[in-house]
Amino acid sequence: MRDIVDLINMKNASLAFLAFASLLLTCCSGDHLIKDEKFRKKVAGDYLARTILAKNREKELFSFSGKELTAELKEATGFLLAYMPLSDLADYNGDFFLENARLALRARKERIWGSSVPENIFLHYILPVRVNNENLDSFRIKYYDEISSRIKGMDAGSAALEINHWCHEKVSYQPSDIRTSSPINTILSSRGRCGEESTFAVAALRTAGIPSRQVYTPRWAHSDDNHAWVEVWIEGKWYYMGACEPEPVLDRGWFTEPARRAMLIHTKSFGAPFGEDNVILSTRNYSIINNLAKYAVTKDFWVKTVDADGRAASGAEVEFQLYNYSEFYPLAVIKTDKKGLCSFETGLGDLMIWARRGNDFNYRKITVSDTDTLTLVLNRKPEDKKYYEYDLGVPVTRSPYEGPPADLVKKNNERLNAENSIRQAYAEKWMKPAEAVRLALDKGADTAVVKELVSKSMGNWKTISGFIASTDPADMGPVIKLLTLISEKDLRDVSEEVLRDHLSNCIRYESSAGYDEPMYSEYVLNPRIANENLVSWRGFLRENLPVAIKEGAVKDPDILVRYVRETITVNDSDNYYNTPISPVGVFKLKIADSFSRDIYLTAICRALGIPARLEPGSNKPQFYSAATWHDVSFTAETSGVAARGYIKLFSEEKQPVPEYYIHFTLARFENGRYNTLEYDYNKRITDFRDELALTPGFYMLVTGNRISDSKILCTETFFELKDNEHKRIGVELRKDNSSPVIFGSVKAGSKFSLGNGSVKEIKDLMTNGLVIAWIEPDREPSKHVLNDLPLLRRELDKWGGSFVFLTDPESHTGSLTEAQLKSLPGKSIAGFDSNSGMMKQFCGTVSCSNVKLPLVVLINKKGDILFRSEGYRVGIGEQILKAVR
């Protein structure tokens, strides 16, 4: 009884909590969802902590506790609220989670496997609504009946495979920006990147009552990319599958072989830690679990940290960094114990081990396969005028697993083609270009712009066209400007209510002063601030901010900085999914992580007509006043024009021209590590036309040249930038000086068929060189090739070689569309290689069953094969240019 008294008598306990705690602790065990009494008391205590933390939204979040509900339903909803991140406490109401919990419990009762799912598995992998950093929606509520009818009478394994086919009917792969759309909005546009596909698939599987989780390789070792997929729990074991990429069996996907070369595969487990998983990080609200051993050969690597005097450096943060996207990305950050020790299970490639405590640090590149321990003395200082070179290796390619039986593959491919047709039929209902032109003419708008906006909106075309159609022609200028400012993903999922708020409640340019129209458009009218979900906030903030704040802020924007500092408590640990809290949510909850606070301040400024932004590169909040940008400081009394040094980037490289996050990055030293500056992905160095104005300090330039999928030539250049100093920083990639490898030669008489039934011989296309790519246009690995090559079309056309894209209609899915073909290099043609006849000649075998597509080869005019790539790989266009050079 002592536990009950302690809980109920805790200070600040609300009536809502008392009702919930009483239910948790006094019902008979048969009525409980959480049978384990010790764990149930823990949840009760954590729920109490949440009621105190979120006291400013008590009514919206916790009023369900007083309703007449079953013990199971109250405990399920209480569990969700006890462990959810700040973003969910701020932006959603308790009744939303109550209804989702009700459906999760219903699925548990209705599914034939429901009773066999253990309590902890249910709580952590069926009950949660959130999967990653998506905007939450009512997917489970909307699609529960449709999904249930689809799997009626099936066992869990068959149901998981069937749901993945259902997902493929709705969504296919397409890359996009880092904001994760909600499951319903992913369906709306019928596409998503892997993180969105897997979020959507997990939502569908949990709706069906199948325990599931999203798993990630945060960065590949062999390629500049990452990937996410799904694991499902069936009869006591976790299996994997590609989200929206159905295979005929579990534990198979196009990523099976790349995953065997990964350095980390992990998942985030919602809720209080449990079980005996390989946990990288364990907190009160969630755990990060290392899943790598399921997929790859692994090894435990140990690090010991000591201070400058040789004493164990306890509490040091050790980053296990992997080269990817031209930076050393921390796969995991693990704190050392009292002996200065920590360990990490990883793959057999190269890592940079970076350890820090305060500003004291040290680092070293290691090859995991060669050693298993490292001692670092935390005695290094930021370096000036230092240059280092590294040859980096990745885990080796292993003999591929055998695929599923051919008859199952054929049957599965037939289903995939049928599902492609279902998805295409849905897309054909979207607004046609001619209709968009008529809309533009009716409203007196630019026809080309409106046509493009409607096209980019995809399944959200009714919202975008309706917003344009319902607007007075006199306001068409601001409407079109607003729609061109937001991102393509915003066009695909924004609501008309949100657009109307930002149009109707924005201070018009005619009423503003002190800046030009481009400044107004980008930093006042624009509702897009960072990677947050686009919501209504402009009208709310203008209405609810204190009058004195609104009246004084335009003349003195520091009033807003002080207001935010005094009213918002910063909590950087509890918003653990890193989903930005909406400005309205920050205002109501009065608690935010630093990033959400900075977005909130920026939104307030823009709502009041003050240009504001997160500075490109550093993401520091800034407002524009007296014809200059001011750095916001939440510790100083006033903001000011901070000291700046200036860097001009240049390069003599031509093939390819260096690109940010592909060939180079810049990082600034802060708190014992170098933090990468955030500029646009794929931004060419020639597009950095102006000097970069940066905070003085120590910087690191990283360059990387991927010679193959197993070797990277990397450099680090350190330098100091002083106040008002102007530096020229050259970007030069290390070259591969090894002799070219000839992979074989073209077989005499190699030919393929065209769509019109005619036949083309390879030798007729080799005048300036030839690239042949065997692809599956509907699969993600091939889509990377089709997306990569247009980015380098100018350079590839200058080379002058031909491109042939071949599909095998007998054994693979999808076909190259006319639009895709037009986007590829100028001398591109599409054809068919029936039964992979020509591929077999290139493979030198009677069977290509183990060849992983896409298969890409480069042939010179002599017929020599200079380059060969098989399977998933990003950056094929660059590799072709290197081989040509």
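Just so it is clear, the model here is predicted, and its values are computed rather than measured.

Asks: What is the right way to read the overall build of the protein from this model?
Replies: Broken down by element type, the protein carries 31 helices and 35 strands. The C-alpha atoms of the protein give 28 Å as radius of gyration, which agrees with the globular expectation for 885 residues (29 Å, within 12%). By its C-alpha atoms, the protein is 85 × 75 × 70 Å across when sized along the principal axes. For the protein, the separation between the mean place of its 115 positive charges and that of its 118 negative charges on side chains is 1 Å.

Asks: How should I be thinking about unusual backbone geometry in this particular structure?
Replies: Phi is mostly negative for residues that are not glycine, and the peptide bonds are mostly trans. With an omega of 5°, the peptide bond running from Leu853 to Pro854 counts as cis. Take Pro854: it is sitting in the loop between α30 (837–843) and β34 (855–859). Located in the positive-phi region is Asp251, a residue other than glycine, with phi close to 60°. The topology assignment puts Asp251 in the loop between β5 (237–241) and α13 (256–259). With relative accessibility at 17%, the residue Asp251 sits in the buried group. Phi is positive for Ala627, close to 65°, though the residue is something other than glycine. Looking at Ala627, the relative accessible area reads 59%, which means it is exposed.

Asks: Help me out: how do you make sense of the packing of helix α18 (residues 476–485) against helix α20 (residues 496–504) in this one?
Replies: In a packed pair of helices, the relevant descriptors are the angle between the two axes and the axis-to-axis distance. Between α18 and α20, the shortest axis-to-axis distance is 11 Å and the interhelical angle comes to 120°. Considering their axes alone, α18 and α20 lie oblique with respect to each other. Judged by the sense of rotation from one axis to the other, the crossing of α18 with α20 is right-handed. On the side of α18, the interface is formed by Pro478, Val479, Leu482 and Leu483, while α20 contributes Leu499, His502 and Leu503. Residues that form the contact of α18 with α20 fall into these classes: six nonpolar, one polar and no charged.

Asks: Please explain α20 as it appears in this structure.
Replies: All of the buried residues along α20 are Val498, Leu499, Asp501, His502 and Leu503. Packed against the buried residues of α20 are α17 (461–469), α18, α21 (517–525) and α22 (538–544).

Asks: Help me understand the sheet that holds strand β20 (residues 621–625), please; the structure alone is not making it clear to me.
Replies: The strand order β19-β20-β21 describes an open sheet built from three strands, whose pairing is antiparallel. Looking along the sheet, the strands with just one partner apiece sit at the ends: β19 (612–614) and β21 (628–631). For this sheet the average axis-to-axis angle between neighbouring strands, irrespective of direction, equals 30°. Bridge analysis of β20 against β21 gives four bridges, and the strand direction is antiparallel. Each bridged residue has a counterpart across the sheet, and for Ser625 the counterpart in β21 is Thr628. Its contacts with the sheet put helix α26 (residues 594–607) on β19 and β20, and the angle it makes with β19 is roughly 160°.

Asks: Explanation requested: the side chain of Glu134 in the structure shown.
Replies: Checked against the element boundaries, Glu134 lands in the loop between α8 (119–125) and α9 (139–150). The class for Glu134 is buried, based on a relative accessible area of 1%. Polar contacts involving the side chain of Glu134 include one to the main-chain amide nitrogen of Val131, which spans 2.8 Å. For Glu134, the residues in contact, after removing those within four places along its chain, are Val129, Thr180, Ser181, Ser182, Pro183, Thr199 and Thr579.

Asks: Sorry if this is basic, but what is going on with the pairing of strand β10 (residues 317–324) here?
Replies: For a regular strand, side chains alternate in direction, first toward one face of the sheet and then toward the other. Taken across its eight residues, β10 has seven buried, putting it largely inside the fold. Where β10 lies against strand β11 (residues 327–335), eight bridges are found, and the strand directions are antiparallel. Residue Glu317 lies in a different strand from β11, and its bridge partner there is Lys335. Between β10 and β11, which pair antiparallel and follow one another directly, the connecting turn spans two residues, one of which, Tyr325, has a positive phi of 55°. Sheet topology places β10 next to strand β13 (residues 350–357); five bridges connect them, and they run antiparallel.

Asks: What is the right way to read the pairing of strand β7 (residues 279–282) from this model?
Replies: Two elements, β7 and strand β8 (residues 286–290), share three bridges in a ladder whose sense is antiparallel. Directly across from Ser282, in β8, lies its bridge partner Ser287. With antiparallel pairing between neighbouring strands as the criterion, β7 and β8 make up a hairpin whose turn holds three residues.

Asks: Before we go on, may I ask you to explain helix α16 (residues 447–457) in this structure?
Replies: Each α-helix turn comprises 3.6 residues. Residues three or four places apart therefore point the same way. All buried positions along α16 are accounted for by Val450, Leu453, Val454 and Ser457. Within α16, the buried residues cover an arc of 95° as seen down the axis, which keeps them to one side. Considering only its buried residues, α16 is in contact with α15 (433–443), α17, α18 and α19 (488–493). The N-capping residue of α16, defined by a side-chain oxygen 2.9 Å from the backbone nitrogen of Ala448, is Asp446. Once α16 ends, the next one or two residues include Met458, with phi positive near 50°.

Asks: Explain the packing of helix α24 (residues 558–567) against α26 to me, please; I cannot follow it from the model alone.
Replies: Packing of α24 against α26 brings their axes to within 10 Å, and their N-to-C directions diverge by 140°. Judged by the angle between their axes, α24 and α26 are oblique. Pair α24 / α26 crosses with right-handed handedness. Counting all contacts with α24, which are made through Leu560, Val561, Tyr563 and Val564, the residues of α26 involved are Arg597, Tyr600, Leu601, Ile604 and Cys605.

Asks: What am I meant to see in the state of the cysteines here?
Replies: Cysteine pairs can be covalently joined through their sulfur atoms, and such a bond is termed a disulfide. Applying the stated criterion across every chain, the model contains zero disulfides. Unpaired in this structure, Cys244 has its nearest cysteine sulfur neighbour in Cys167, at a distance of 4.8 Å. The buried category is assigned to Cys244, whose relative accessible area is 2%.

Asks: For this particular structure, what's the right way to read the pattern of salt bridges?
Replies: All chains considered together, the criterion is met by 58 salt bridges. The shortest N-O distance in the salt bridge between Lys42 and Asp46 comes to 3.3 Å. Taken together, the residues Lys42 and Asp46, both in helix α3 (residues 37–53) and four residues apart, mark about one turn of the helix. What makes Lys42 partly exposed here is its relative accessible area of 36%. Where Glu317 meets Arg356, a salt bridge forms, and the shortest distance between an N and an O atom there is 3.2 Å. Remark: Arg356 occurs in strand β13 and Glu317 occurs in strand β10; sequence separation between them is 39 residues. Take Arg356: its relative accessible area is 13%, and that puts it in the buried class.

Asks: What's the story with the environment of Arg311 in this structure? I'm lost.
Replies: Locating Arg311 in the fold gives a position in the loop between β9 (299–306) and β10. Under the relative-accessibility criterion, Arg311 is labelled exposed at 52%. Distance from Arg311 to Ala262, taken between C-alpha atoms, is 34 Å for residues 49 residues apart in sequence. Sequence-distant contacts of Arg311, that is, excluding residues within four places in its chain, are made with Thr305 and Val306.

Asks: So what exactly am I meant to see when it comes to the packing of aromatic side chains here?
Replies: Describing an aromatic ring pair means giving the distance of the ring centres and the angle of the ring planes. Per the counting criterion, the structure on display carries 48 aromatic pairs. Aromatic side chains Trp220 and Trp229 sit 6.4 Å apart centroid to centroid with 20° between the ring planes, which places their arrangement in the stacked category. Note on accessibility: Trp220 and Trp229 belong to one class, buried. Geometrically, the ring pair formed by Tyr660 and Tyr679 is edge-to-face, given 5.4 Å between the ring centres and 85° between the ring planes. Of this pair, Tyr660 sits in the loop between β22 (645–650) and β23 (664–670) while Tyr679 sits in the loop between β24 (673–676) and β25 (692–694), and the two are 19 residues apart along the sequence. Through a chain of ring-to-ring contacts, three or more aromatic side chains come together here, namely Trp220, Trp229, Tyr240, Trp254, Phe255, Tyr295 and Tyr872. We note Lys268 situated over the ring of Tyr286; from NZ or CZ to the ring centre the distance is 5.1 Å. Across the ring face of Trp629, the terminal group of Arg613 is positioned such that the distance to the ring centre comes to 4.1 Å.

Reading the values: rules and limits
- Residues numbered from 1 in each chain as written.
- Predicted model: local features only at pLDDT ≥ 70, side-chain atom pairs only at ≥ 80, totals over all residues.
- Heavy atoms only, no water.
- Helix = DSSP H or I, 4+ residues; strand = E, 2+ residues; numbered from the N terminus.
- Rg over C-alpha atoms; globule rule 2.2 N^0.38 Å.
- Lys, Arg positive; Asp, Glu negative; His and termini not counted.
- Charge placed at Lys NZ, Arg CZ, Asp CG, Glu CD.
- Buried < 20%, exposed > 50% of the residue type's maximum accessible area, 1.4 Å probe, protein only.
- Axes fitted to C-alpha atoms, helices over the stretch in contact; angles between N-to-C directions.
- Parallel < 35°, antiparallel > 145°, perpendicular 65-115°, else oblique.
- Left-handed = near helix turned anticlockwise from the far one by under 90°.
- Contact = heavy atoms within 4.5 Å.
- Nonpolar A, V, L, I, M, F, W, Y, C, P; charged D, E, K, R; others polar.
- Pairing = 2+ DSSP bridges.
- Polar contact = N/O pair within 3.5 Å; in protein donor to acceptor, adjacent residues only side chain to side chain.
- Arc of directions from axis to C-beta.
- Disulfide = S-S within 2.5 Å.
- Salt bridge = Lys/Arg side-chain N within 4 Å of Asp/Glu carboxyl O.
- Phe/Tyr/Trp six-rings, centres within 6.5 Å; stacked < 30°, edge-to-face > 60°.
- Lys NZ or Arg CZ within 6 Å of the ring centre and 35° of its normal.

Nothing here speaks to function; it is all geometry.
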